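The chain contents come next:
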Amino acid sequence: METADSLLIPEELPGQLTFVPDAPVQSKPHHDKFSAEFHGEAVLTETPHIRILLCDVLARLDGSMPDDWLYEITVGAGHISYFLYEDALGSLLASGAVRQQDDGTLILTRQGALLAQRFRHYVPKLFRDQVMLSALRYASRQKALRDLQISYEPDGSEWVLCLRCMDGSREMFYLRVHAPDRAAAEVLGERILRNPAGFFGKVIDLAVNNEEEQFDLTDN
């Protein structure tokens, strides 16, 4: 079995990161919903660095996640090409740094955690920040969607954003917001998904602390 050191091929690390700002990896349509918003994104092309980065993302998100999450965070968001991702992940699985459960969940092993801890700084901070921001946004979005049911319904010439906040099987909050068209409704829905707990918290706080309108009777 390969060790954390042998996974890296240390002689390839110094000065091997390639930046290609003019030819970014093709992103998926939902890229802008959770990916890092940088004007000049660096594209990582060295497999040893990608191995480190994948382990670092897993370590940051409690050491496990569904395999499609890691794919969307890295390939779907346009940070890494599909072939380099598959090559790096395959190496991690083969070496035992990452293991995959029957349901597809990726688990970071002690070896993989050591890899991330010891060598994460070989990956430039600019790129680490881009990918980690995508990871945190994506994970936050997926967790929000577990408790928040969101749908869009036509209503004549308008569209309605429907939000249902759930606690298990119990409905805690239901809100309908009219918008002039579906695009506007989806934009509003995406804004709420950025921080649904904060949004609903402010609505509840406003209701609890709402005061009666004050009337001026000095001229009565």
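Criteria and thresholds
Residues numbered from 1 in each chain as written. Predicted model: local features only at pLDDT ≥ 70, side-chain atom pairs only at ≥ 80, totals over all residues. Heavy atoms only, no water. Helix = DSSP H or I, 4+ residues; strand = E, 2+ residues; numbered from the N terminus. Buried < 20%, exposed > 50% of the residue type's maximum accessible area, 1.4 Å probe, protein only. Contact = heavy atoms within 4.5 Å. Areas by Shrake-Rupley, 256 points an atom, 1.4 Å probe, with all protein chains shown as cover. Core = buried A, V, L, I, M, F, W, Y, C linked by side-chain atoms within 4.5 Å. Pairing = 2+ DSSP bridges. Axes fitted to C-alpha atoms, helices over the stretch in contact; angles between N-to-C directions. Expected span 1.5 Å × (residues − 1). Parallel < 35°, antiparallel > 145°, perpendicular 65-115°, else oblique. Left-handed = near helix turned anticlockwise from the far one by under 90°. Nonpolar A, V, L, I, M, F, W, Y, C, P; charged D, E, K, R; others polar.

Draft legend 1. Quick peek at the overall build of the chain. Per the secondary structure count, the chain includes nine helices and six strands. Split into buried and exposed, the 220 residues of the chain put 40% on the buried side. Long-range contacts, defined here as pairs at least 24 residues apart, represent 64% of the contacts in the chain between residues at least 6 apart. Per element, the accessible surface of the chain, about 12,900 Å² overall, is 51% carbon and sulfur.

Draft legend 2. Fine view of the nonpolar core. Counting residues in each nonpolar core, the largest one holds 33 residues, and the members touching the most others are Leu54, Val57 and Met65. Mapped by element, the contributors of at least two residues to this core are helix H3 (47-60), helix H4 (67-76), helix H5 (82-95), strand S3 (105-108), helix H6 (110-119) and helix H7 (125-147). For this core, the element with the most residues is H3, which contributes seven residues. Excluding its chain neighbours within four sequence positions, the residues that come into contact with Leu54 are Leu70, Thr74, Tyr85, Ala88, Leu89 and Leu92. Ala144, Leu163, Ala179 and Phe200 belong to the second-largest nonpolar core, a separate cluster that totals 11 residues.

Draft legend 3. Structural detail: the sheet that holds strand S2 (residues 98-100). Judged by pairing direction, the sheet is antiparallel, and its three strands sit side by side in the order S1-S3-S2 without closing on themselves. Where the open sheet ends on each side, the last strands, each with one partner, are strand S1 (64-66) and S2. Neighbour-to-neighbour, the strand axes of this sheet turn through a mean angle of 20°, independent of strand direction. Pairing of S1 with S3, which is carried by three bridges, proceeds in the antiparallel orientation. Across the sheet, the residue bridging to Ser64 is Ile107, located in S3. Here H4 sits on the sheet and contacts S1, S2 and S3; the angle it forms with S1, its principal contact strand, is near 85°.

Draft legend 4. Molecular detail of the pairing of strand S6 (residues 170-179). Where strand S5 (residues 158-167) lies against S6, nine bridges are found, and the strand directions are antiparallel. In the sheet register, Val160 faces S6, and the bridge partner there is His178. In this antiparallel pair of consecutive strands, S5 and S6, the connection spans two residues, and Gly168 shows a positive phi of 70°.

Draft legend 5. How the structure looks around H7. Here H7 is 23 residues long and its end C-alpha atoms lie 33 Å apart, about the 33 Å a rise of 1.5 Å per residue gives. Here H7 has its buried residues at Phe127, Arg128, Gln130, Val131, Met132, Ser134, Ala135, Tyr138, Ala139, Arg141 and Ala144.

Draft legend 6. Spotlight on the environment of Arg194. Looking at the element boundaries, Arg194 is found in helix H8 (residues 182-194). C-alpha of Arg194 to C-alpha of Arg141: the two residues are 53 residues apart in sequence and 6.8 Å apart in space.

Draft legend 7. How the structure looks around unusual backbone geometry. Of note, the phi angle at Asp62 is positive, near 65°, even though the residue is not glycine. Locating Asp62 in the fold gives a position in the loop between H3 and S1.

Draft legend 8. Up close: the sheet that holds S5. Pairing is antiparallel across the open sheet formed by three strands, whose spatial order is S4-S5-S6. One side of each edge strand has no neighbouring strand; the edge strands of this open sheet are strand S4 (148-155) and S6. Averaged over all neighbouring strand pairs, the angle between strand axes comes to 20°, with direction disregarded. The sheet contact formed by S4 and S5 spans eight bridges and is antiparallel. Within S5, the residue paired with Ile150 across the bridge is Leu163. Along the sheet face, H7 touches S4 and S5 and points at about 75° away from the line of S4. In the packing of helix H9 (residues 196-209) onto the sheet, contacts are made with S4, S5 and S6, and the angle to S6 comes to roughly 90°.

Draft legend 9. Region of interest: the packing of H3 against H7. For the pair H3 and H7, the least separation of the axes is 10 Å and the interaxial angle reads 40°. The angle between H3 and H7 falls in the class oblique. Considering how the two elements wind past one another, H3 and H7 form a crossing that is right-handed. Contact with H3, carried on its side by Leu53, Asp56, Val57 and Arg60, involves Phe127, Arg128, Val131, Met132, Ala135 and Leu136 of H7 and no other residues of that element. Among the residues making up the contact of H3 with H7, the classes are represented as seven nonpolar, no polar and three charged.

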